[in-house]
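One-letter residues, chain by chain:
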Amino acid sequence: MNFLDQDLPQRREAKLRYLDADFQVIREGDFVRCAATGDPIALQSLRYWDVFQQVAYKTAEVAFRERFREKT
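In this text the structure is predicted, and so the values were computed from the model without any measurement.

Caption draft 1: Local environment of the pattern of salt bridges. In total, this model carries 4 salt bridges according to the counting rule given. In this structure, the salt-bridge partner of Asp30 is Arg11, at a minimum N-O distance of 3.4 Å. Of this pair, Asp30 sits in the loop between strand E2 (23-27) and strand E3 (31-33) while Arg11 sits in the segment before strand E1 (15-18); the two residues are 19 residues apart in sequence, bridging distant segments of the chain. Since its relative accessible area comes to 22%, Asp30 is described here as partly exposed. The shortest N-O distance in the salt bridge between Arg33 and Glu13 comes to 3.9 Å. Taken as a pair, Arg33 in strand E3 and Glu13 in the segment before E1 lie far apart in primary sequence, 20 residues in all. Arg33 sits in the partly exposed class, given a relative accessible area of 39%.

In structure tokens form, the structure reads like this:
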């Protein structure tokens, strides 16, 4: 079993507080959900989040798209 294996089932959703360059674990868990796609993101893979909205994003592309999406 390799911790980099993305095919492993996720077990428990964590609750985090997103800071400028880090995050603080509020409730222990294995993953958080992407705010845009709903996909699970392993905490070891979490790299993109919005401090003001306190949400996580799976990739830089998803974060960029959500940040600059036109509001209609």
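Caption draft 2: Expanded view of helix H1 (residues 60-67). Residues of H1 that are buried include every one of Val62, Ala63 and Glu66, and no others. The buried residues of H1 occupy an angular sector of 100° when the element is viewed end-on, so they sit on one face. Those residues of H1 that are exposed and aimed more than 90 degrees away from the buried face are Glu61 and Phe64. Of the surrounding secondary structure, the elements contacted by the buried residues of H1 are strand E5 (48-50) and strand E6 (55-57).

Thresholds applied
Residues numbered from 1 in each chain as written. Predicted model: local features only at pLDDT ≥ 70, side-chain atom pairs only at ≥ 80, totals over all residues. Heavy atoms only, no water. Salt bridge = Lys/Arg side-chain N within 4 Å of Asp/Glu carboxyl O. Helix = DSSP H or I, 4+ residues; strand = E, 2+ residues; numbered from the N terminus. Buried < 20%, exposed > 50% of the residue type's maximum accessible area, 1.4 Å probe, protein only. Arc of directions from axis to C-beta. Contact = heavy atoms within 4.5 Å.

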